[in-house]
Each structure stands twice: as C-alpha cells, then as structure tokens.
Amino acid sequence: MVMSKVVLSYSGGLDTTVCIPLLREKYGFEEVITVTVDIGQPRSDIELAEKRGKKYADRHYTVDAREDYVKALFQLIKANGNYEGYVLGTALARPVIAEKIVDIARKENAEVIAHGCTGKGNDQLRFENVFRQYGFKVIAPMREMNLTREWEIDYAQKHGIEVPVTKEKPYSIDENLWSRSIEGGRLEDPSYIPPEDVFEWTSISDEVSDGQEIVEIGFEKGVPVSLNGEELDGLELIDRLNRLAGKYGIGRTDMIEDRVLGFKARENYEHPAATVLITAHRDLERLVLSRRELKFKKFVEEEWAELVYYGLTNDPLFDSLNAFIDKTQERVTGWVKLRLLKGSVMPVARDSPYSLYREELVSFDKFGIDQKYAEGFSVFHGIQGRIYRMLKK
Ligand code: ARG
C-alpha cells in the first residue's frame, strides 16, 4: 500500500495522542510514527511526549532543534521582530519544527505527514507550507473532524490511552525557549482580566517583583553574546534572562491579535528575555545606526515580522530583507545596561566602538563646532512653510 506510513508531529497532548489511533482507524495507516521536536519547551513535556509516543505509536523520535531555533531567534533579535506587539515565539518555531519533521519523514520513506492543528489558527498554514514545499501529502485530523474534548477523552479511553487527570486548567498553552502563550477558556472573553495563575514565567506579586537590578547585555553584530560580562551561548543566555527578568514581572503581553485567516484573537503571552533583549538591541541600534537607516529599517522590520507570522519565510522577499538587516547589523556591537524594575525594563547606559554619537557636538559644556554656523541653517529652515503662511494672509 502506498499510504501505509504516516509521520505525526507530536506534542504528547490529548489532541495529538488521539490522532494516533485515528490515523490507523479512520485513515487506514499501518504505521504511525511520532516526532517531538525540542525547541526549549519544558523538559517534562518532552519526556511525557517521548513516553507516550513510544507507548502508543509504532515508533517515536525526539529531535533536538534548539540550536536551529536559537539561530532563528538571533535573526529575530536583529530584526527587532514583533507582529502587532507579539514576539513571534510560536510563529518562528513552526518552520524549525516542520523542517525536522520533514527530515524524519524522508528518513522513514513516508509520503504523508500529519499534524494536530485546528482549522482556526495560524499554525496549520505555517506547518503545511513547509510540508508541501518538500512534496508531502498533509493530513490534519483536528481540522477535518471538529472534535470536542469529551469525544476525544472517550475515544482515548476506548483505545487504552491514559488521559492524565491533571487539575484541569481549561487553557491551551504553547511554550518554548522564547515565549509562553495562554489561550482559551475564559480568556477568550477580551473583557475578562486573566487570573494570576495563568502565568508561570512572570510574577507581579510584590515580594518578588519589588526591588531592582541593572543587567548588562553585550552584542556582537546584532546578536547577544554576554550577560553581565559573562559570555554565554544563546540558549543559556535566553534561559537565564527569562528567569531573571521574569522575577520582576517583565514581558507580559495581553493583546488583540489579527490572525492570518482574518479573525481577531485575544492572546496572553509571557516573554521576559525577549522583552529585555529587544529593548537592549533597539537601544544599541539607536546609538550606531544613522537616522535614515533607523527610519528605513522600521519598514523592513514590519515586513519581516509579517512574513514570519504568516509562515511565509520561504518567500524570496525574506532573504532580501535579511540581507539588508545583516548589513545594518555589522556595526551593532557594544553593550547596553538596563534597569529591571517592577514589570519594566529601561535602558540606562550604552556604548559601542561604532557609535555615531559625538559628545562635543551636542554638549552644553564643550565646543566641537562653532554654534554661529547654525544661524545660516536656520535662515533656510522652514522656508516653504513661511512662504505658504504668508500667501494665506
Ligand atoms: N497567536 C500566536 C501565533 O499564532 C500563538 C499561538 C499559540 N497557540 C497555539 N496553539 N499554537 O503565533
């Protein structure tokens, strides 16, 4: 049979676990192979997925994609990546995951890839763009079958699948190295204030978020390379900053987001390291990039973020934007010190060998250029406006 094997992108949760018997029974596959891709989600999630994949599927793979993901995140930092204020943690991870799933599908000689995304979100589009690019046929049982949670639990039990009786929080969580999102349940009502217990990375309770500290981030060519003078690889740096800045309640976003399909969604995110790193990176750019570069780069950043959000990073435009971004980042080397204080992060000092700042030009106390020359500039400045106002009188 041609379609005897299917590779399933597997998180270990109820939806994707239910997909395993469904792919056998409803879709007629003889072999279901699960793949869990590590992009820095909690260790326990990966271990649970591995345990369940091995138990319920014919074969299971766990693939470590953290290095690939960090590489993509470095590019995101260079691009100050955000879509409508969302730091793109889920969006940027999807092509990284999809590429790893494709590797396994090829190795297994499978022709079909399945995933557990619904038909309402963005992830289906992001995953499938990659799967289809490599010529795979795609199956999305959740999208096709419109299953309710009750049906899934019932079906799981009939197939000998344990449904963990966790203290049920009715939220859908997506978590990786860069961000944690909390959706669903009462949060779907935008007029409802999220209770504190939906948050795990950030704390705004007084005992922990009180106080303050200064952190120093070192950058080389737009990429963060050190924390408080200690050189760290990206994984370690992001992980440490998440914990450090999370204590101060930094990096929460509660927003109305425009999904690709057109509807608006209410989203809650936590992303302490992302907030600190992008704040620092932007600040350093302001020191070293020219006014015109900064202005033009904003448009590039917006386009860049939209391509990532839409899962269209295979578009040739993405390569062109990255070429521009990389060129600007050649000079984004230096350090920024930031104050972490009560949910906020603010740059308080910075320096770079490529600084375009000249103290003697701007200083009240020093004389770099004779101020008298400014008079000539001032004579011409605003000349068209003055003529226009005169004519109107
Ligand atoms: N709204 C965000 C996005 O589209 C995060 C979605 C997270 N949820 C999920 N089920 N993947 O990127």
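Residues numbered from 1 in each chain as written. Predicted model: local features only at pLDDT ≥ 70, side-chain atom pairs only at ≥ 80, totals over all residues. Heavy atoms only, no water.

**Q** Please clarify how helix H12 (residues 316-329) should be interpreted in this entry.
**A** An α-helical turn contains 3.6 residues, so any two residues separated by three or four positions project in the same direction. The terminal C-alpha atoms of H12 lie 20 Å apart, and with 14 residues this matches the ideal 20 Å at 1.5 Å per residue to within 8%. Phe318, Leu321, Asn322, Ile325, Thr328 and Gln329 are the residues of H12 that are buried. Within H12, the buried residues cover an arc of 120 degrees as seen down the axis, which keeps them to one side. Relative to its buried face, H12 has exposed residues pointing more than 90 degrees away, namely Pro316, Asp319 and Lys327. Against helix H3 (66-78), helix H10 (272-288) and helix H11 (291-309) lie the buried residues of H12. Here H12 starts with a cap whose side-chain oxygen sits 2.8 Å from the backbone nitrogen of Leu317, and that cap is Asp315. (Helix = DSSP H or I, 4+ residues; strand = E, 2+ residues; numbered from the N terminus. Expected span 1.5 Å × (residues − 1). Buried < 20%, exposed > 50% of the residue type's maximum accessible area, 1.4 Å probe, protein only. Arc of directions from axis to C-beta. Contact = heavy atoms within 4.5 Å. Polar contact = N/O pair within 3.5 Å; in protein donor to acceptor, adjacent residues only side chain to side chain.)

**Q** When you look at the packing of H3 against H10 in this model, what are you seeing that I'm missing?
**A** Packed helix pairs are specified by the crossing angle of their axes together with the interaxial distance, meaning the distance between the axes. It is at 9 Å that the axes of H3 and H10 come closest, and there the two elements cross at 50 degrees. Looking at the two axes, H3 sits oblique to H10. Facing Leu76, Ile77 and Lys78 of H3, the residues of H10 in contact are Leu277, Ile278, His281 and Glu285. Along the lines of polarity and charge, the residues of the contact of H3 with H10 split into four nonpolar, one polar and two charged. (Axes fitted to C-alpha atoms, helices over the stretch in contact; angles between N-to-C directions. Parallel < 35°, antiparallel > 145°, perpendicular 65-115°, else oblique. Nonpolar A, V, L, I, M, F, W, Y, C, P; charged D, E, K, R; others polar.)

**Q** Is there a simple way to explain the site of the ligand in this structure?
**A** The local shell around the ligand holds 14 residues, among which Tyr86, Asn122, Asp123, Glu183 and Glu257 are the closest. Tyr86 is positioned with one of its side-chain polar atoms (N or O) 2.8 Å from an oxygen atom of the ligand. Residue Glu267 places a side-chain N or O atom 3.0 Å away from a nitrogen atom belonging to the ligand. Isolated, the ligand exposes 340 Å² of accessible area, and the fraction of that covered by the protein chains is 86%. (Near = heavy atom within 4 Å. Areas by Shrake-Rupley, 256 points an atom, 1.4 Å probe, with all protein chains shown as cover.)

**Q** What exactly am I supposed to notice about helix H2 (residues 43-56) here?
**A** Here H2 spans 20 Å end to end across 14 residues, near enough to the 20 Å set by a 1.5 Å rise per residue. All of the buried residues along H2 are Ile46, Ala49, Arg52, Gly53 and Tyr56. Viewed along the axis of H2, the buried residues span an arc of 135 degrees, placing them on a single side of the element. Away from the buried face of H2 by more than 90 degrees, exposed residues Lys51 and Lys54 are located. Where the residues of H2 are buried, they touch helix H1 (14-25), strand S2 (31-38) and strand S3 (59-64).

**Q** Honestly, a nonpolar patch on the surface in this entry has me stumped. Any pointers?
**A** Together, Tyr357, Leu361, Val362, Ile369 and Tyr373 make up a nonpolar patch on the protein surface, roughly 590 Å² of accessible area in all. Tracing the backbone shows Tyr357 in the loop between strand S14 (344-351) and helix H13 (359-362). Note on Tyr357: relative accessible area 48%, which makes it partly exposed. (Patch = residues over 30% accessible without salt bridge, like charges linked within 9 Å, V, L, I, M, F, W, Y side chains within 5 Å. Salt bridge = Lys/Arg side-chain N within 4 Å of Asp/Glu carboxyl O.)

**Q** Quick question: what am I supposed to make of the nonpolar core here?
**A** Most often, soluble globular proteins have nonpolar side chains that are buried together. The biggest cluster of nonpolar side chains holds 80 residues, and the ones touching the most others in it are Leu88, Trp178 and Trp304. Element by element, the count of residues in this core is highest for helix H4 (residues 89-107), at ten residues. When neighbours within four sequence positions are excluded, Trp304 is seen to be in contact with Gln75, Leu76, Ala79, Gly81, Leu88, Leu92, Phe318, Leu321, Asn322 and Ile325. (Core = buried A, V, L, I, M, F, W, Y, C linked by side-chain atoms within 4.5 Å.)

**Q** Quick question: what am I supposed to make of the packing of H10 against H11 here?
**A** Where H10 contacts H11, the two axes come as close as 11 Å, and the packing angle between them is 145 degrees. Contact residues: His281, Glu285 and Arg286 in H10; Leu294, Lys297 and Glu301 in H11. Here the residues of the contact of H10 with H11 are counted per class, giving one nonpolar, one polar and four charged.

**Q** Whenever I open this one, the side chain of His115 confuses me. Can you help?
**A** Positionally, His115 belongs in the loop between strand S4 (112-114) and helix H5 (123-133). A distance of 3.0 Å separates a polar side-chain atom of His115 from the backbone nitrogen of Cys117.

**Q** Sorry if this is basic, but what is going on with the environment of Arg240 here?
**A** The residue Arg240 is located in helix H9 (residues 234-247) in this model. Judged by its relative accessible area of 30%, Arg240 is partly exposed. The spacing of Arg240 and Pro195 is 45 residues in sequence and 26 Å in space, taken between C-alpha atoms. A distance of 3.0 Å separates polar atoms of two side chains, one belonging to Arg240 and the other to Glu230.

**Q** Any chance you could explain the environment of Phe380 here in plain terms?
**A** Among the structural elements, Phe380 can be located in helix H14 (residues 374-380). For the pair formed by Phe380 and Lys264, sequence separation is 116 residues and the distance between their alpha carbons is 49 Å.

**Q** Before we go on, may I ask you to explain unusual backbone geometry in this structure?
**A** Where the residue is not glycine, phi is negative for most of them; where a peptide bond is considered, it is trans in most cases. Although it is not a glycine, Asn80 sits at a positive phi angle of roughly 45 degrees. Its place among the elements puts Asn80 in the loop between H3 and H4. Of note, Glu84 is a non-glycine position whose phi angle comes to about 55 degrees, a positive value. Along the chain, Glu84 falls in the loop between H3 and H4. Given a relative accessible area of 39%, Glu84 falls into the partly exposed group.

**Q** In this structure, what is going on with the pattern of salt bridges? I would like to understand it.
**A** Side chains bearing opposite charge may pair, as long as their charged atoms lie close to each other. Evaluated as defined, the whole model comprises 35 salt bridges. In this structure, Glu200 and Arg180 form a salt bridge, with 3.6 Å as the shortest nitrogen-oxygen distance. Taken together, the residues Glu200 in the loop between strand S7 (180-183) and helix H8 (206-209) and Arg180 in strand S7 connect sequence positions 20 residues apart. For Glu200, a relative accessible area of 53% gives the class exposed. Residues joined by salt bridges that share partners form a network here, namely Asp38, Arg43, Glu47, Asp64 and Arg66.

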